[in-house]
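Residues per chain are reported as follows:
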Amino acid sequence: MKALPSLRQLRYLDALARERHFGRAAERCAVTQSSLSGGIQELEALLEAQLVERTKRRVALTPLGEEIVQRARRVLVEAEHLADLAAAAREPLTGRLRMGVIPTIAPFLLPRLLPELRRAYPRLQLFLKEDLTARLVDDLRAGVLDVLLIALPYDCGEVETSILFDDAFQLACHKDHPLARSEQVPLDAVPADSLFLLQDGHCLREHALSACDMGGDRHQQSFEATSLHTLVQMVDNRLGITLLPQLAIDAGILDGTDTVVRAIAGEPQQRQIGLVWRSQSGRNRELRMLADFLTEAHAALVGGVSVGGTAQGAASIPVQAGGKGGGT
């Protein structure tokens, strides 16, 4: 029978490929540096091939090593799916769940929904990572994250999607702005040259431009923000107008300001909030349970009704910030 690499060896190689440093890779795997180095040497001996180029100044993978890392990541993801499938069969929504979430959702929705989730599923350990949508999608594909809470539409590849609710846009302007005199504002009355949006590359920006039927060529601005709070401050100082999602408005982003919101006339202009996970995930059933719970909890929140189970305890919910800059 052919000798095969172990999951431990593949995990060591994956960590080294990500960190490009033996010490940091060992920390990532919670082992000593000598253990990690020995495991990779065992893998090279097993495969009878050099996978890592070792010099005093840097660590690099050989071309074969790079190819094996890509295949190893798929093997590791599938192995996690096996364990997740068995765990979900025993008791759904327990243990560790790694969720990615974007910053135009996280601070406005999670503080209001997580207490209900804790009460309903006290044995769930939810780990949150806040970052840009593109980077979260990459982490989902790589198996670093289990599920994403993002704004749609967004091209995530081959995934399962569950829409939780629609999130309408409203026009935000200073209370003394001429547009504030109307209860509803037609799209053609929105001045493109004074419309502030998040910086290029943020999905909320693309959703807002689509809502206003403005392409990138038509919309040019001298200021671009990395957060909705910054946009509100710019509007509150009479420097322009913006579009805000109802989710942020309901969470009180305008509290203490002289900024008001007005409905956009005509068809509702909105984004969709949804959960996204890998199509091959072994947690498909329980992630749909989570989506159903979040949908019901949000509906009750909007209606001012408390939801959730009566179980006691609290889920562990560490939060990890994402990369540089704000999220989408």
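Located above this text is the structure these notes cover.
Our subject in this report is the structure included herewith. (Residues numbered from 1 in each chain as written. Predicted model: local features only at pLDDT ≥ 70, side-chain atom pairs only at ≥ 80, totals over all residues. Heavy atoms only, no water.)

1. Concerning the overall build of the protein chain
For step 1, the next point in the chain: Of the regular secondary structure elements, the protein chain holds 10 helices and 13 strands.
For step 2, the next point in the chain: Taken across its 328 residues, the protein chain has 48% of its residues classed as buried.
For step 3, the next point in the chain: Long-range contacts, defined here as pairs at least 24 residues apart, represent 76% of the contacts in the protein chain between residues at least 6 apart.
For step 4, the next point in the chain: Total accessible area on the protein chain stands at roughly 16300 Å², and carbon and sulfur atoms take up 49% of it. (Helix = DSSP H or I, 4+ residues; strand = E, 2+ residues; numbered from the N terminus. Buried < 20%, exposed > 50% of the residue type's maximum accessible area, 1.4 Å probe, protein only. Contact = heavy atoms within 4.5 Å. Areas by Shrake-Rupley, 256 points an atom, 1.4 Å probe, with all protein chains shown as cover.)

2. A few points about helix α1 (residues 7–19)
For step 1, the next point in the chain: Over its 13 residues, α1 runs 18 Å from end to end, which matches the ideal 18 Å to within 8%, given 1.5 Å per residue.
For step 2, the next point in the chain: With its phi angle positive at about 55 degrees, arginine 20 sits one or two positions after the end of α1. (Expected span 1.5 Å × (residues − 1).)

3. Re the pairing of strand β12 (residues 270–278)
For step 1, the next point in the chain: Burial analysis of β12 places seven of its nine residues in the buried class, the great majority of the element.
For step 2, the next point in the chain: Pairing between strand β5 (residues 147–152) and β12: five bridges, direction antiparallel. Across the sheet, residue leucine 152 finds its bridge partner in β12, namely glutamine 272. (Pairing = 2+ DSSP bridges.)

4. Description of the side chain of aspartate 131
For step 1, the next point in the chain: Locating aspartate 131 in the fold gives a position in the loop between β4 (124–130) and α6 (133–142).
For step 2, the next point in the chain: Looking at aspartate 131, its side chain comes within polar contact range of the side chain of arginine 135, at 3.0 Å. (Polar contact = N/O pair within 3.5 Å; in protein donor to acceptor, adjacent residues only side chain to side chain.)

5. Side note on the pattern of salt bridges
For step 1, the next point in the chain: Enumeration according to the criterion identifies 20 salt bridges in this entry.
For step 2, the next point in the chain: Residue aspartate 138 pairs with arginine 141 through a salt bridge whose shortest N-O separation is 3.9 Å. Taken together, the residues aspartate 138 and arginine 141, both in helix α6 and three residues apart, mark about one turn of the helix.
For step 3, the next point in the chain: Between arginine 283 and glutamate 286 there is a salt bridge, and its shortest N-O distance comes to 2.5 Å.
For step 4, the next point in the chain: Using a relative accessible area of 4% as the deciding quantity, one classes arginine 283 as buried.
For step 5, the next point in the chain: Connected through salt bridges with shared partners, the residues Asp14, Arg18 and Arg73 form a single ionic network. (Salt bridge = Lys/Arg side-chain N within 4 Å of Asp/Glu carboxyl O.)

6. Observations regarding the packing of aromatic side chains
For step 1, the next point in the chain: Under the criterion given, the structure shown has one aromatic pair.
For step 2, the next point in the chain: Judged by centre distance (5.8 Å) and plane angle (75 degrees), the ring pair of tyrosine 121 and phenylalanine 293 falls under edge-to-face. Of this pair, tyrosine 121 sits in the loop between α5 (106–120) and β4 while phenylalanine 293 sits in helix α10 (residues 284–303), and the two are 172 residues apart along the sequence. Neither tyrosine 121 nor phenylalanine 293 differs from the other in exposure class; each is buried. (Phe/Tyr/Trp six-rings, centres within 6.5 Å; stacked < 30°, edge-to-face > 60°.)

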